[in-house]
Amino acid sequence: MNHQCINCSQKFEVTEGDLKFYERMKVLSPVECPSCREQRRISFRNEKNLYLRNCGNCKKQMVSIYSPDKPYNVYCAPCWWSDAWDPVNIGKDFDFSRSFFEQFDELIKASKLINLFVENNQNSDYVNQETDDKNCYLNAGGHYNEDCYYNTYSIWGKNNVDNYWVIKCELCYECINCENCNKSTYLQDCLNCSDCHYCRECTGCNYCFGSFGLKHKEYYFFNEKLSQKEYENKVNEYLKNRTERENAKEKSRQNFLKFPHKAVKIINCEDVTGDYLLGCKDVHEGYLIENSRDVKYAYIGLDVKDSQDLSSYGWGEVSFNCASSMKNSFCLAVSSTCNIHFSQYCFVCYNSSNLFGCVGLNHKQYCILNKQYSKEEYEKLSEKIIDHMKKGRAHGASAQDEQGSGSASPSESELINYGQFFPIKISPFCYNETVAYEYFPLTKEQAISRGYKWKDSDEKEYIKQTYQIPEDIKNTPENIAGEILACKNCDKNYKIIKEELSFYRKMDLPVPLKCPACRHKYRLESKNPHRLYERKCQKCGEAVKTTYSPNRTEIIYCEKCYLKTVY
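Below, the structure is looked at part by part. Keep in mind the model is a prediction, meaning the values are calculated, not measured.

Cut-offs and rules
- Residues numbered from 1 in each chain as written.
- Predicted model: local features only at pLDDT ≥ 70, side-chain atom pairs only at ≥ 80, totals over all residues.
- Heavy atoms only, no water.
- Helix = DSSP H or I, 4+ residues; strand = E, 2+ residues; numbered from the N terminus.
- Buried < 20%, exposed > 50% of the residue type's maximum accessible area, 1.4 Å probe, protein only.
- Areas by Shrake-Rupley, 256 points an atom, 1.4 Å probe, with all protein chains shown as cover.
- Lys, Arg positive; Asp, Glu negative; His and termini not counted.
- Charge placed at Lys NZ, Arg CZ, Asp CG, Glu CD.
- Salt bridge = Lys/Arg side-chain N within 4 Å of Asp/Glu carboxyl O.
- Polar contact = N/O pair within 3.5 Å; in protein donor to acceptor, adjacent residues only side chain to side chain.
- Contact = heavy atoms within 4.5 Å.

To continue, consider the overall build of the protein. A count of helical and extended segments in the protein gives 12 helices and 31 strands. In terms of its C-alpha atoms, the protein occupies a principal-axis envelope of roughly 80 × 60 × 45 Å. Taken across its 567 residues, the protein has 55% of its residues classed as buried. Carbon and sulfur atoms provide 47% of the accessible area of the protein, an area that totals close to 25,700 Å². Computed over 76 positive and 77 negative side-chain charges, the inter-centroid distance for the protein is 2 Å.

Per the counting criterion, the structure on display carries 31 salt bridges. Notably, a salt bridge pairs aspartate 93 with lysine 371, separated by 2.3 Å at the nearest N-O pair. Taken together, the positions of aspartate 93 in the loop between helix 3 (77-81) and helix 4 (100-110) and lysine 371 in strand 26 (residues 371-372) put the pair 278 residues apart, joining distant regions of the chain. Residue class for lysine 371 comes out partly exposed when judged on its relative accessible area of 28%. Linking lysine 240 and glutamate 237 is a salt bridge whose minimum nitrogen-to-oxygen distance equals 3.1 Å.

Take the side chain of aspartate 472 next. In this fold, aspartate 472 is placed in the loop between helix 9 (444-449) and strand 27 (485-486). One buried charged side chain, aspartate 472, makes no salt bridge at all; its nearest oppositely charged neighbour is lysine 474, positioned 5.8 Å away. There is a polar contact of 3.0 Å between the side chain of aspartate 472 and the backbone nitrogen of lysine 474. Polar contacts involving the side chain of aspartate 472 include one to the main-chain amide nitrogen of asparagine 475, which spans 3.0 Å. Apart from the residues within four sequence positions on either side, aspartate 472 is in contact with Lys240, Asn241 and Pro510.

Of note, glutamine 372 is situated in strand 26. Residue class for glutamine 372 comes out partly exposed when judged on its relative accessible area of 42%. Not counting residues within four places of it along the chain, the set of residues in contact with glutamine 372 comprises Gln365, Tyr366 and Cys367. In terms of polar contacts, glutamine 372 uses its side chain to reach the backbone carbonyl oxygen of glutamine 365, at 2.6 Å. A polar contact of 3.2 Å, which involves the side chain of glutamine 372, links it to the backbone oxygen of tyrosine 366.

Set out below in structure tokens:
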């Protein structure tokens, strides 16, 4: 069954299996395509934009994901977790003359929000969505890191800078989707590699440069075997300064095009579609998913089962349209929650069950709009609210059908099915502060026209740079750590911290000319999109689904042909 997305007008399929899942979750069929649904969910996730503001309780200055100009009452972690306040005190009766989302938006603004989503970190004030970090700065989405800076989704890392999705790596720089790598730069899709640079899809290699698809090799230079001395002489030329490193990056990219690329990265999986799937079964349209079962339309997931439409979700089951959460079950449209069950439309709630439309609750149950009810009252009222939401959708659909006759356009909340994620207009963040902006870039005009908020640039953050950054680290003085630098890409100011400079010296790396945000953007652009294309294996001609679009120049092989060729 084909539907047309009310947002982008693209057609999308709703299968019999989807309908059975929606029936199980007691929700209506989505009116947006999977991509627009993901965009909506991650427009509620700010990973990297951090601000200084005062705690709404103790008044001490703190780091927060909410800028000071936003109309929210934000608490530092000690105050938020304390017994100094009780979120049920702001509970409200549900008003059936108004939309649910209008009342929920008011509740977000009346409640207390925690400044960051962090736990058990040491000397790591400027990190978010991180746990168990030590001496880290501007990391996001990772765990168990030490002396790491500007990484996204790094786990068990040590002395790493500017990486995306790296596991158990040390002394790595600008690496993407790598595991157990050491003293390496600009690697992608590499495993168990050491002292390697500008390599891709290599495993168990040492001292390799600009090479693709190598297994257990040493001293390979652009896929050519050299003696140790020849290798060192050539590599030293390419690594001696910034200009030569840029040449190495481009020459490596051209070299990669000579070799067949695997259509998708799927390991130890059964009946799956997507990319970067490990140990999964019956996962479809999944990306960066591990150890999961019966999941569809999901991005970044670990140990999830019987769920659909997830973004950054772990250790959960029977969930639909959820984001930035973990350890939940039987949940619908929740964001930034942990260990909640049988709940729907909740934001920043923990260790609770049977919640409907709640914000900031911890160790609670049977609450609606933060008001406490008995079990019987909760069940009866929640059913009435669901019916109210479904009727509002039916009214919105009728209004949409009548637009051709000149009637007013329905509000976004009226066009949202019961079961869809929150309306974009109630996101606590501006679009260009969120992960959605990274994966679905929009201009200010485009974002506002679609109902998103936008944060304008601060002129104070765009001071012209007068300092000349040297070509290599050997000629870089220590005082660069105190200089105001301007990104060569976006002109925004950034700085080099002392610990970061020490890393560049240790790795013989030039100081970057781009700000952390633009460096992160480069890494995202180096990855394939979360979209599957129909292509044919360029070896056997069999149809394959791949994240390499048909207009790209990479040679694409199916898994069987790839394994025969590479191994």
